[in-house]
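Structural description and commentary
The chain contents come next:
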Amino acid sequence: MTDPTNERKIEHIRAIEHDPATDRDGRWFDRILLTHRALPEVALDQIDPSTEFLGKRLSFPLLISSMTGGDHELVRTINTNLAIAAERCGVAMAVGSQRVMFTHPSAEASFALREHAPTTVLIGNVGGVQLNYGFDLDKCQRAVDVLAADALYFHLNPLQEAVQPEGDTDFRGVAEKMGAISRHLSVPVMLKEVGAGLSAADIALGLAQGISHFDVAGSGGTSWSRIEHHRRHDGDEIGLRFQDWGLPTPLALQQAEPFLDRATLIASGGLRDGIDMAKSVILGASLCGMAAPLLQPAMESAEAVVTVIERLRREFITAMFLLGTPDMAALFRNRALIVHER
Ligand SMILES: Cc1cc2nc3c(=O)[nH]c(=O)nc-3n(C[C@H](O)[C@H](O)[C@H](O)COP(=O)(O)O)c2cc1C
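Scoring rules and cut-offs
Residues numbered from 1 in each chain as written. Predicted model: local features only at pLDDT ≥ 70, side-chain atom pairs only at ≥ 80, totals over all residues. Heavy atoms only, no water. UniProt positions renumbered as here; feature names shortened; annotations may be inferred. Near = heavy atom within 4 Å. Polar contact = N/O pair within 3.5 Å; in protein donor to acceptor, adjacent residues only side chain to side chain. Areas by Shrake-Rupley, 256 points an atom, 1.4 Å probe, with all protein chains shown as cover. 1 Å grid on protein atoms, 1.4 Å probe; cavity = no way out; pocket = protein on both sides within 12 Å on 5 of 7 lines; lining within 4 Å. Sits in = over half its atoms within 2 Å of the grid points. Helix = DSSP H or I, 4+ residues; strand = E, 2+ residues; numbered from the N terminus. pLDDT = per-residue confidence, 0-100. Axes fitted to C-alpha atoms, helices over the stretch in contact; angles between N-to-C directions. Parallel < 35°, antiparallel > 145°, perpendicular 65-115°, else oblique. Contact = heavy atoms within 4.5 Å. Nonpolar A, V, L, I, M, F, W, Y, C, P; charged D, E, K, R; others polar. Phe/Tyr/Trp six-rings, centres within 6.5 Å; stacked < 30°, edge-to-face > 60°. Buried < 20%, exposed > 50% of the residue type's maximum accessible area, 1.4 Å probe, protein only. Lys NZ or Arg CZ within 6 Å of the ring centre and 35° of its normal. Pairing = 2+ DSSP bridges. Core = buried A, V, L, I, M, F, W, Y, C linked by side-chain atoms within 4.5 Å. Points joined across faces, edges and corners; volume = space filled by probe spheres on them.

Naming follows an unreviewed UniProt entry, where the chain appears as Isopentenyl-diphosphate delta-isomerase of Marinobacterium halophilum. The Function (unreviewed entry) field of the UniProt record for the chain holds the comment "Involved in the biosynthesis of isoprenoids. Catalyzes the 1,3-allylic rearrangement of the homoallylic substrate isopentenyl (IPP) to its allylic isomer, dimethylallyl diphosphate (DMAPP)."

This is the structure:
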């Protein structure tokens, strides 16, 4: 019997392949203009972009954002290639929703990635709303254990759920349930959106529950509302209507700024190059996530993923050089580097 949770992942990938406009190309980061140092007073080959996240050293602050997993040759290939590349490049990687493991046990293999990435940061992924639909601490711990994960993402996707006919839309009490899980899970819990942004109110709610890591996953990149539109065949256009709904990533980071003394932020949603990454770190992000730009290379080979990561690393280092910032400490939250915001 085909399992809808398993098939859905393939439908999402096909929708992205066939419709380039699922990447909304918002270019919100272009509204932020950085300074330029004609006298950077640093040597390009001395720039140190490395950083620490969850107690592990990363070569630069890149996260391969959550994408996939399931009982399918294609998703096994994608995850294996991403994990090999993450380890080789010393960057973090998150997996896609692990819910499918519980409806389709043979999907577990696609998440057992530690053998390919023995040392780097790996992050599990479960839908926060699933805590209202039968998901419990045991399942969350199982999701962590299969991956030997360093942390567990709860993804929050009310827009995606609202525009699909079979969506799980009862979000009552989810914050409290995530808080309860976070107190018993073996690794830290982190909250993420999936492309519509976490607001200041969301972060305040998470912090009140003792959660301290937040991936804003704002709008401007992959639009789940538009992807879900492609899965509808009933003429309903609500997914198109809401395709650009949400907080653009730079704005979400700015909204989160007041919480930075207690919160660790991850930027994702529409980041497309090393310059967007530098701007995100200036706005308070400790890690910068990208999903869609790594999907096609991951279908090809680990080497193709490494090539993209190396390009991003070079761009990030070049931006640091031109800003005269020798290391992450000089870049992080250094708002003086922003000269203009449109
Ligand atoms: C193919 C694909 C599958 C995704 N699946 C998940 C998922 O299962 N869970 C999740 O939390 N986010 C998922 N996302 C969302 C990303 O993790 C990220 O938050 C969002 O796409 C914004 O990043 P981008 O603009 O760089 O694609 C997926 C994104 C893509 C492109």
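Observations regarding the site of the ligand
Around the ligand, the surrounding shell holds 25 residues, and the nearest of these are K9, S66, M67, K192 and T222. Taking S66, its main chain carries an N or O atom lying 2.8 Å from an oxygen atom of the ligand. Taking A292, its main chain carries an N or O atom lying 3.0 Å from an oxygen atom of the ligand. In isolation the ligand offers 600 Å² of accessible surface; the protein chains occlude 97% of this area. The cavity that encloses the ligand is the largest pocket. It is helix α12 (residues 292-300) that contributes the most residues to the shell around the ligand, 3 residues altogether.

As for the confidence of the model for the chain
Any region with low pLDDT has predicted coordinates that should not be read closely. When the pLDDT values of the chain are averaged, the result is 96; 99% of them are 70 or greater. Averaged over each element, pLDDT in the chain is lowest for helix α1 (residues 4-18) (90) and highest for strand β4 (residues 62-64) (99).

Here we look at the packing of helix α2 (residues 73-89) against α12
The N-to-C vectors of α2 and α12 enclose an angle of 105°; their axes lie 8 Å apart at closest approach. Considering their axes alone, α2 and α12 lie roughly perpendicular with respect to each other. For the pair α2 and α12, the contacting residues are L74, T77, I78, N81 and L82 in the first and L294, L295, A298, M299 and E300 in the second. Taken together, the residues of the contact of α2 with α12 sort by class into 7 nonpolar, 2 polar and 1 charged.

Details of the packing of aromatic side chains
Aromatic rings considered in pairs are described by the distance between their centres and by the relative angle of their planes. Applying the stated criterion across every chain, the model contains 3 aromatic pairs. Measuring from ring centre to ring centre gives 6.1 Å for F60 and F316, while their planes differ by 45°; the resulting arrangement is tilted. Here the residue F60 occupies a position in the loop between β3 (56-58) and β4, and F316 occupies one in helix α13 (residues 302-322), the gap between them amounting to 256 residues. With a centroid separation of 5.3 Å and 50° between ring planes, the pair formed by F242 and W245 is classed as tilted. Given a relative accessible area of 54%, W245 falls into the exposed group. The positively charged end of K139 is found above the aromatic ring belonging to F135, 5.6 Å away from the centroid. The aromatic ring of Y153 is capped on one face by K192, whose charged end is 5.6 Å from the ring centroid.

Some words on helix α11 (residues 274-282)
Most of α11 is tucked away, with 8 of its 9 residues classed as buried. Every buried residue of α11 is accounted for by G274, D276, M277, A278, K279, S280, V281 and I282. Taking the backbone nitrogen of I275 as reference, a side-chain oxygen 3.0 Å away marks D273 as the first, capping residue of α11. Immediately beyond the C-terminal end of α11, within one or two residues, lies G284, with a positive phi of roughly 110°.

Let's talk about the sheet that holds strand β10 (residues 264-268)
Reading around the circumference, β4-β5-β6-β7-β8-β9-β10-β11 is the order of the 8 strands in this closed barrel, with parallel pairing throughout. Each neighbouring strand pair of the sheet contributes to a mean axis angle of 25°, computed without reference to strand direction. As paired elements, strand β6 (residues 122-127) and strand β7 (residues 151-155) share 5 bridges and run parallel to each other. Residue pairing in the sheet places G124 in a bridge with L152 of β7.

Quick notes on the nonpolar core
Core analysis: the biggest nonpolar cluster contains 88 residues, and F154 and I309 have the highest contact counts within it. Tallying contributions element by element places α13 first for this core, with 9 residues. The contacts of F154, once residues within four sequence positions are left out, are V126, G127, G128, L131, C140, M178, I181, V189, M190, L191 and K192. Formed by 12 residues, the second largest nonpolar core is a distinct cluster that contains F53, L63, A92 and V121.

Notes on the layout of surface pockets
If you add up the space inside the largest pocket, you get close to 740 Å³. Along the walls of the largest pocket sit 46 residues, with K9, M67, Q160, V194 and W224 positioned nearest its centre. Looking at the lining of the largest pocket, the elements with two or more residues in it are α1, β6, α5 (158-162), α8 (224-230), β11 (285-290) and α12. In terms of residue count, the dominant contributor to the lining of the largest pocket is α1 (6 residues).

Observations regarding the environment of L156
Checked against the element boundaries, L156 lands in the loop between β7 and α5. Assessed through its relative accessible area of 13%, L156 is described here as buried. Each C-alpha atom, one on L156 and one on N6, is 19 Å from the other, the two residues being 150 residues apart in sequence. Leaving out residues up to four positions away in the same chain, L156 has contacts with G128, V174, M178, L191, K192, E193, V194 and L198.

Here we look at empty space enclosed by the protein
Here the structure, examined in full by the defined rule, presents 1 cavity of 30 Å³ or more. If you go around the largest cavity, the residues you meet are R27, W28, F29, S219, G220, P250, G269 and G270. Partitioned by chemical class, the residues of the lining of the largest cavity number 3 nonpolar, 4 polar and 1 charged.

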